[in-house]
Amino acid sequence: MLIQQILNGLTMGSIYALLAIGVTMIYKALGMLNFAHGDTMMVGAFICLTLYKAGIPLVGAILITVPLTAGIGFFLERFLYRRLEFSSFTNLLIATVGVSFVMRNSSIVIWGTNPQLFPQIFSTEPIKVGNFLILPQSIGIILISALFAIGLQIFFYKTKNGKCMRAASTDAEGAAMMGINVAKARFLTFGISAGFAAIAGILLAPMSYARIDMSVLVGLKSFAAAVLGGFGNLLGAMVGGIILGLVESLGATYISTAYKDILSFLVLFLVLYFKPAGLFAKKIEQKL
């Protein structure tokens, strides 16, 4: 039972980690909180489902959905957030809340409010290992999340664009003086973040249906994971997501399913009480 619940926790934790990575990327690069990030995940799931229902094979629908959703991130950065000139934390925060409402209500108009069955990406036949059963879905989600996280690290440390993005997120003015195109780095940040959100939504939807409200609690937990690990730290965001997933799963099994969500945020509060900057201590600067 313990091993099974740890596996379940790693499964949900991997999804939280994917979302938390996007939240952290945007905060690190732009000093802003993107409250529309969870809704981007939801829209990505519905785009994939729509393409699948239109007759496109599931794998093809996924391959089309990720760049399409990344395009939403590109569009928002280029035509909304950039026009605000990233000058005010408060203005940007209100803008992302507005985008969240627009995306959610537009999705209701397009796809309706009823939950929709999402096709299974992995086999539903459990694999028996010793005395317990492993769902291929769990293994698949964990491996895919790990591969994308590793791929992102390789991109940041081994490619020219990735190195430029790291430099721009650390010191935008200094990077600009060195000839780095900071606007392009921010543009790429939003696109990659939205693409990761789409992947998270596609992995989550087969477990919880494609729903308009699927982003509400999961989106909050992605922020919790980012805060838990330490805002601005990608490794911390991943670890924070895994910790929240494990706490949820073990708490639901050994305490009560009714307190599953409460336990996640309780752990967050306890960690922040003793380590206000998060587990991977990095001082957060308030930008007003």
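Cut-offs applied
- Residues numbered from 1 in each chain as written.
- Predicted model: local features only at pLDDT ≥ 70, side-chain atom pairs only at ≥ 80, totals over all residues.
- Heavy atoms only, no water.
- Helix = DSSP H or I, 4+ residues; strand = E, 2+ residues; numbered from the N terminus.
- Rg over C-alpha atoms; globule rule 2.2 N^0.38 Å.
- Contact = heavy atoms within 4.5 Å.
- Lys, Arg positive; Asp, Glu negative; His and termini not counted.
- Charge placed at Lys NZ, Arg CZ, Asp CG, Glu CD.
- 1 Å grid on protein atoms, 1.4 Å probe; cavity = no way out; pocket = protein on both sides within 12 Å on 5 of 7 lines; lining within 4 Å.
- Points joined across faces, edges and corners; volume = space filled by probe spheres on them.
- Nonpolar A, V, L, I, M, F, W, Y, C, P; charged D, E, K, R; others polar.
- Axes fitted to C-alpha atoms, helices over the stretch in contact; angles between N-to-C directions.
- Parallel < 35°, antiparallel > 145°, perpendicular 65-115°, else oblique.
- Left-handed = near helix turned anticlockwise from the far one by under 90°.
- Salt bridge = Lys/Arg side-chain N within 4 Å of Asp/Glu carboxyl O.
- Buried < 20%, exposed > 50% of the residue type's maximum accessible area, 1.4 Å probe, protein only.
- Phe/Tyr/Trp six-rings, centres within 6.5 Å; stacked < 30°, edge-to-face > 60°.
- Lys NZ or Arg CZ within 6 Å of the ring centre and 35° of its normal.

1. Quick word on the overall build of the chain
Part 1: A tally of helices and strands in the chain yields 11 helices and 2 strands.
Part 2: Seen in sequence order, the chain has helices and strands lined up from the N terminus as α-α-α-α-β-β-α-α-α-α-α-α-α.
Part 3: A compact globule built from 288 residues should have a C-alpha radius of gyration of about 19 Å, and the chain, at 19 Å, falls within 12% of that.
Part 4: Excluding contacts between residues fewer than 6 apart, the proportion of contacts in the chain whose partners are at least 24 apart in sequence is 73%.
Part 5: Distance between charge centres in the chain, computed from 20 positive and 10 negative side chains, equals 6 Å.

2. What about empty space enclosed by the protein?
Part 1: Scanning the entire structure with this criterion turns up 1 cavity of 30 Å³ or more.
Part 2: Considered as a void within the structure, the largest cavity measures approximately 80 Å³ in volume.
Part 3: Residue lining of the largest cavity: I26, N34, A36, H37, T40, G73, L76, Y81, F190, S193 and A194, and that is the complete set.
Part 4: Counting residues per element, the ones that place at least two in the lining of the largest cavity are α2 (37-53), α3 (58-81) and α8 (182-208).
Part 5: For the lining of the largest cavity, the residue count by class is 6 nonpolar, 5 polar and no charged.

3. Re the packing of α2 against α3
Helix packing for two helices is described by the angle between their axes and how far apart those axes are.
Part 1: Running from N to C, α2 and α3 cross one another at 140°; their axes reach a closest spacing of 8 Å. The angle between the axes of α2 and α3 places the two elements in the oblique class. In the crossing of α2 with α3, the sense of the turn from one axis to the other is right-handed. The segment α2 lies against α3, with T40, V43, G44, I47, C48, L51 and Y52 engaging L58, A61, I62, I64, T65, L68, T69 and I72.
Part 2: A breakdown of the residues in the contact of α2 with α3 according to their chemical character gives 11 nonpolar, 4 polar and no charged.

4. Regarding the pattern of salt bridges
Part 1: Scanning all chains against the criterion turns up 5 salt bridges.
Part 2: Among the ionic pairs, R82 bridges to E77, the shortest N-O distance being 2.9 Å.
Part 3: For R82, a relative accessible area of 26% gives the class partly exposed.
Part 4: Residue K221 pairs with E248 through a salt bridge whose shortest N-O separation is 2.2 Å. In this pair, K221 is assigned in helix α9 (residues 214-229) and E248 in helix α10 (residues 234-254), connecting sequence segments 27 residues apart. With respect to burial, K221 and E248 carry one shared label: buried.
Part 5: Each of K221, E248 and D261 takes part in salt bridges that share partners, so that together they form one network.

5. Observations concerning the packing of aromatic side chains
Part 1: In total, this model carries 8 aromatic pairs according to the counting rule given.
Part 2: Seen in terms of ring centroids, F46 and W111 are 5.0 Å apart; in terms of plane orientation they differ by 20°. Their pairing is stacked. Taken together, the residues F46 in helix α2 and W111 in helix α4 (residues 89-111) connect sequence positions 65 residues apart. Of the two residues examined, F46 and W111, each falls in the buried class.
Part 3: Centroid distance F75 to F79: 5.1 Å. Interplanar angle 40°. Geometry classified as tilted. Of this pair, F75 and F79 both sit in helix α3, separated by 4 residues, roughly a single helical turn.
Part 4: Classification of F75 as exposed rests on a relative accessible area of 52%.
Part 5: The exposure class assigned to F79 is partly exposed, which follows from its relative accessible area of 45%.
Part 6: Lying over the aromatic face of F79, R78 brings its terminal NZ or CZ to 5.4 Å of the ring centre.

The values are spatial; any link to function lies outside them.
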